[in-house]
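These are the residues of each chain, in order.
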Amino acid sequence: MKKHLVMAVVPFLALGCGDDFKDENGDGIADGVREPDNVTVVTPATPKGTVSGQVLGTDLKPLADASVEITIGSSDEPLAGTTDAKGNFEFKGVPAGSQVLLTFSKTGYATLRATSEVPSSAGNVPINNANVSFGPVTLTRLDGSLRFLLVTPQGRPAANVRATLEASPAGTVVLSNGDNTTGVVSTVVVEATSDEQGVLLFQNIPTAQELARFTNQTGQYRLWVAPTDSNGDGVPEINGYVDTYSAASVVSVGTTRILNLPASRPTGSALVVESSNVAMLRGASSSQPLHNMVRPGEPIYLYFNQPVQQGSLLARLTDEYAKEALPVTVALGNGGYSATITPSTGAIQTGKEYNLDLRAVSVETGQLYERVGFFFGGEPTAPAAVTITEARYRESSLPPAAQQLTTGERVYFTFSSPLSPLRVGDGQVQVLFNYDLDGNGTVGGVSYGEVNNISGQGFPLYVDEPTAPFITNASQPERPVFAITRSGFSTRYYFTFEHPSGAAYAPINPTLVSGFTVAFSKLASRGINQTYENIWGQPVVTDLTVTGLGITPAPTP
């Protein structure tokens, strides 16, 4: 039985190996053979597919001789081809399952790139071309231009400003890969720099008409203008600018537009000092002395909410009496956002009050900033003891009554640092003479106004914060360096002398007055709800004394 079977198969094998065996369709079975009919799939060793498509202009006319490059997988060398007269292209023998990148280009047209994947079923049998179809591919012409006129916040041409324009979509392609269909778009990116007249010209871009037509009026231009640092200090004087223009609006409005560039930090508000070690100068100002204390030798720092024009910053400094202009130097930094005002060496002393007149002009709006403020010299964490540095009375008339303290004349006290009465009008601290005012042979006792008198009553001391220098010439009075602002603190206080024995009593020789006591400690015992504090926020509760009494002459006529 076995021998008969072998004899039956041999003739069949001989027939299969003869010259008539052909397999032109590559299905692994001789042409014309119907058996065995149970063979369904025979896979080639290297399955391959086809990538093809058509390239058109936006007018839907074929683009002949367009360059098409295909990169297969991670291959370093792309394969190149061109479209035929009908805009068609084809790449055969692309391995199944490959990722492919196609680049479409033509002189005078936008470049477009698209990716896809050749199906893994490519080359299987029955016959399967596994074609990846790119198309239609549309490319826009690059024969358009767009023009901008750049203007600075001050209304001048913005020269040498760099910018980038993106036009999209500059091309489209529909990828057909079996059941997957995907739309891909392309963009054109162009850079330009404005000329001396502020003209920013972008050339070789798709025209607005073309973008608006072939994209159903969804085409657009997107503009990025870089910030401008014209003086090279690292801080832009003009901020960047970003905007989008639809292709349809460019068609209707035109290809030239004026752009008013924003200042480097547009605020839409007035120029103010945002921060400073002198709080009186800030937009949200504070008059508290500790917020306005400058250490001797330390500059005054200013930080503006917008840049200040170079050369526009003016600072004037004067003392508490606005009598003397103190030299300062000013410097702008950080593109005009910050400034330092440096008083001359030794100008600022601990415990002294100063006044500052400040002016500056905004780069953004040209607005003038003006502020007059005060500050105090001192170390915030190291309070200085308060003393009376001088007692002096002001003559009310010229000789022959001169150099005599008479009723109605003022006696001025100068403290070593400014003081402020916290509750004005509730009563004043009393001044007591270390002198026998009533001539009874003793100091104190029942004598009003003398130290250690029984009642503790003396002469009320009033604050006399100066706003101008003492007048020494009535016909040509001294003027302040500039109009100053009251702080509520002062080193100058006064009382008005009234002789206990009446105005007819003989005037007092000031050289005989040995001194005075300002009785801060007696306030509470007298039931007065009143305190005085120094610029460090500390109350003054101990008595202060001073010896001698100086004379300030009456003003000359």
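Conventions used here
Residues numbered from 1 in each chain as written. Predicted model: local features only at pLDDT ≥ 70, side-chain atom pairs only at ≥ 80, totals over all residues. Heavy atoms only, no water. Helix = DSSP H or I, 4+ residues; strand = E, 2+ residues; numbered from the N terminus. Buried < 20%, exposed > 50% of the residue type's maximum accessible area, 1.4 Å probe, protein only. Contact = heavy atoms within 4.5 Å. Areas by Shrake-Rupley, 256 points an atom, 1.4 Å probe, with all protein chains shown as cover. Pairing = 2+ DSSP bridges. Core = buried A, V, L, I, M, F, W, Y, C linked by side-chain atoms within 4.5 Å. Axes fitted to C-alpha atoms, helices over the stretch in contact; angles between N-to-C directions. Polar contact = N/O pair within 3.5 Å; in protein donor to acceptor, adjacent residues only side chain to side chain.

Draft legend 1. Structural detail: the overall build of the protein chain. When helices and strands are counted, the protein chain shows three helices and 33 strands. Buried residues in the protein chain amount to 42% of all 557 residues. Across the protein chain, the fraction of contacts at a sequence separation of at least 24, relative to all contacts at a separation of at least 6, is 69%. Summed over all atoms, the accessible surface of the protein chain reaches about 28,100 Å², with 52% contributed by carbon and sulfur.

Draft legend 2. Structural detail: the pairing of strand S32 (residues 544–547). Alternating residues of S32 divide into Leu544 and Val546, all buried, and Thr545 and Thr547, none buried. One ladder, built from four bridges, connects strand S30 (residues 515–518) with S32; its direction is antiparallel. Each residue of the ladder has a partner; that of glycine 515, found in S32, is threonine 547.

Draft legend 3. How the structure looks around unusual backbone geometry. Omega for the bond connecting serine 168 with proline 169 falls within 30 degrees of zero, at -5 degrees, which places this linkage in the cis form. Within the secondary structure layout, proline 169 lies in strand S9 (residues 162–177). If you check the backbone angles, asparagine 160 has positive phi at about 60 degrees while not being a glycine. Topologically, asparagine 160 is positioned in the loop between strand S8 (144–151) and S9. Overall, asparagine 160 belongs to the exposed group, its relative accessible area being 54%.

Draft legend 4. Quick look at the nonpolar core. In this structure, Phe413, Phe415, Phe433, Leu461, Phe495, Phe516 and Phe520 are the most contacted members of the largest nonpolar core, which totals 30 residues. When residues of this core are traced back to their parent elements, those giving at least two are strand S24 (388–394), strand S25 (410–421), strand S26 (430–433), strand S29 (490–496), S30 and S32. By residue number, the principal contributor to this core is S25, which donates four residues. When neighbours within four sequence positions are excluded, phenylalanine 520 is seen to be in contact with Phe415, Leu419, Val429, Tyr532, Val540, Val541, Thr542, Asp543 and Leu544.

Draft legend 5. Broad picture of the environment of proline 469. Tracing the sequence through the fold places proline 469 in the loop between strand S28 (462–463) and S29. Distance from proline 469 to valine 481, taken between C-alpha atoms, is 9.3 Å for residues twelve residues apart in sequence. Ignoring any residue separated from it by four or fewer positions in sequence, one finds proline 469 in contact with Tyr321, Ala322, Lys323, Glu478, Arg479 and Pro480.

Draft legend 6. Structural detail: the environment of leucine 261. Locating leucine 261 in the fold gives a position in the loop between strand S14 (256–260) and strand S15 (273–276). In this structure leucine 261 comes out as buried when scored by relative accessible area, which is 3%. For leucine 261 and threonine 228, which are 33 residues apart along the polypeptide, the C-alpha to C-alpha distance reads 9.9 Å. Not counting the four nearest positions on each side in its chain, leucine 261 is found in contact with Leu150, Val151, Thr152, Pro153, Ala158, Val225, Ile238 and Tyr241.

Draft legend 7. Spotlight on the sheet that holds strand S17 (residues 300–304). Taken in spatial order, the four strands make up an open sheet running S15-S17-S21-S20, and their pairing is antiparallel. This sheet does not close on itself; its edge strands, each paired only once, are S15 and strand S20 (328–333). Across the sheet, the mean angle from the axis of one strand to that of its neighbour is 20 degrees, orientation sign disregarded. Direction of pairing for S15 relative to S17: antiparallel, over a ladder of three bridges. When the sheet's bridge partners are listed, valine 273 is paired in S17 with phenylalanine 304.

Draft legend 8. Focus on the environment of aspartate 195. Following the sequence through the fold, aspartate 195 ends up in the loop between strand S10 (180–193) and strand S11 (199–205). In the structure, aspartate 195 is positioned 38 residues away from proline 157 in sequence and 8.8 Å away in space, judged by C-alpha atoms. When near neighbours in sequence (up to four residues on either side) are disregarded, aspartate 195 contacts Ala158, Ala159 and Asn160. Within the structure, the side chain of aspartate 195 is placed 2.9 Å from the backbone nitrogen of valine 199, a separation counted as a polar contact.

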